[in-house]
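Examining the three-dimensional arrangement
Now for the letters of each chain:
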Amino acid sequence: AISCRIYICLVLVNLASIYTPYLSLFSQQEGQQLPAFAITRTVWVAIAASGIKNVLFLQLVSGETLGRVELYDRLLDFGIFLLASVQIVDILGLEQSDLGFLQTSLEAGKIFTIAVSLASRALAENIVGGITLKAYDGFDEGEMVWLGDRQIKGKVLNIGLTETTILATDNLEIKIPNSQIGVQNISNLSRSNQSRVKQTLRFQFSDMKKLPKVLDAITAEIQKSCPKVITDGSKPLLALLESYECDHIKATAICHFDDVSPQSSEYKVCRQEVIFAISRALDVNGVELAIAAA
């Protein structure tokens, strides 16, 4: 639609050159191109180039929404229209003296930018952090992430210029400055095709002699009941005692699943099967878990 409007403007400018030869922009010297027509055509070429670039980007990402693509898209747009601006200046034939006001404005803009950056260092760091997040492509909007030492887990709602909004598992919206996210460890659960189930078990002291057999039965039952559990040794599949506590013996059962995303419904089913497998192993060996102390 925009290209069509520019084309119409080209026609109107061409007609204007016929009926208004006394205007400088619409006057055409012999052997020279009509300035207004050339300027309009330059703008049209820039917009068309931007549109072609958008189509090529959509084909390259195959429908995916990647943060770095958005960043590169804006940078290329800036480059395209910067070249168009240089071409327009050349068409108008402006000399360096004619650009004195523009140069003064640019210098004033630089001074203003430096002043704002020094006065708002945190704001500048957050903006740089937002650009870094887009370029790094560690996560995108709509994905589930774990930040830091797994202190914040939730769905990314928005990656803004200065802050990122995450919907935590308790449905609370958390706004985190981008500068803080950049220095944390980031785990993208949505892009992981492997998952882990960890269960903490509490045994009674009276069952200590039975526990070696019970722990072996737990790992065997998990392997038997869960077809996607990893058993090639690349990930741990084990049940081990951890420590003596004041009222129980603490143990842990750990297993990993291949081709099961931590955020999928299949993961919840696998976790349930692990719990059932542990229960069956306990029943076979006549062992009951210790009741937590009040």
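Preceding this section is the structure that the text describes.
Residues numbered from 1 in each chain as written. Predicted model: local features only at pLDDT ≥ 70, side-chain atom pairs only at ≥ 80, totals over all residues. Heavy atoms only, no water.

Examining the sheet that holds strand β6 (residues 194–203)
Put simply, the rule is: Only strands joined by at least two bridges in the DSSP assignment are considered to pair. Per the convention used, a helix needs a DSSP run of H or I reaching at least four residues, while a strand needs a run of E reaching at least two, with both numbered from the N terminus. To get an axis, a line is fitted to the C-alpha atoms, and for a helix only the part in contact is used. The angle between two axes follows their N-to-C directions and goes from 0 to 180 degrees. We call two residues in contact when some of their heavy atoms are within 4.5 Å.
On the basis of which strands lie adjacent, the open sheet formed by three strands has the order β6-β8-β7 and antiparallel pairing. Pairing within the sheet leaves two strands with one partner each, and these edge strands are β6 and β7 (238–244). Ignoring which end each strand starts from, the neighbouring axes of this sheet average 20° apart. Pairing of β7 with strand β8 (residues 249–258), which is carried by six bridges, proceeds in the antiparallel orientation. Note on β8: the bridge partner recorded for Ala239 is Ala253. Contacts between helix α7 (residues 211–225) and the sheet are confined to β6, β7 and β8, with β7 contributing the most and set at about 145° to the helix.

Brief notes about the side chain of His248
Within the secondary structure layout, His248 lies in the loop between β7 and β8. For His248, the residues in contact, after removing those within four places along its chain, are Arg202, Phe203, Phe205, Ser243 and Ala290.

Remarks on the nonpolar core
Note on soluble globular proteins: their nonpolar side chains tend to be buried together. Note the threshold: The set of buried Ala, Val, Leu, Ile, Met, Phe, Trp, Tyr and Cys residues whose side-chain atoms join them within 4.5 Å is what this entry labels a nonpolar core. Partly exposed describes any residue whose relative accessible area lies between the buried limit of under 20% and the exposed limit of over 50%, with all areas from a 1.4 Å probe on protein chains only and scaled to the type maximum.
With 25 residues, the main nonpolar core has Phe203, Ile218, Ile222, Cys255, Phe257, Val274 and Ile278 as its most contacted residues. Breaking this core down by element, the ones donating at least two residues are β6, α7, β8 and α8 (265–284). Element by element, the count of residues in this core is highest for α8, at seven residues. Once residues lying within four places of it in the same chain are set aside, the contact partners of Ile222 are Val229, Leu237, Cys255, Val274 and Ala277. One finds Leu133, Leu147, Ile176 and Ile181 within the second-largest nonpolar core, a separate group that totals nine residues.

Things to note about the environment of Glu163
For Glu163, the location among the structural elements is in strand β3 (residues 163–168). The class for Glu163 is partly exposed, based on a relative accessible area of 32%. Not counting chain neighbours up to four residues away, the residues in contact with Glu163 comprise Asn158, Lys175, Ile176, Pro177 and Asn178.

So, the packing of aromatic side chains
Our working definition: Stacked, tilted and edge-to-face are the three classes applied to pairs of Phe, Tyr and Trp rings, where Trp contributes its six-membered ring and a pair requires centres within 6.5 Å; stacked means planes under 30 degrees apart, edge-to-face means over 60, and tilted covers the rest. Whether a charge sits over a ring depends on NZ of Lys or CZ of Arg being within 6 Å of the ring centre and within 35 degrees of the ring normal.
Inspection of every chain in the model, using the stated rule, returns one aromatic pair. Measuring from ring centre to ring centre gives 6.0 Å for Phe205 and Tyr244, while their planes differ by 15°; the resulting arrangement is stacked. Of this pair, Phe205 sits in the loop between β6 and α7 while Tyr244 sits in strand β7, placing them 39 residues apart in sequence. Using a relative accessible area of 41% as the deciding quantity, one classes Phe205 as partly exposed. Residue classification places Tyr244 among the exposed residues on the basis of a relative accessible area of 58%. A cation over a ring is seen here: Lys153 above Trp146, with NZ or CZ 4.7 Å from the ring centre.

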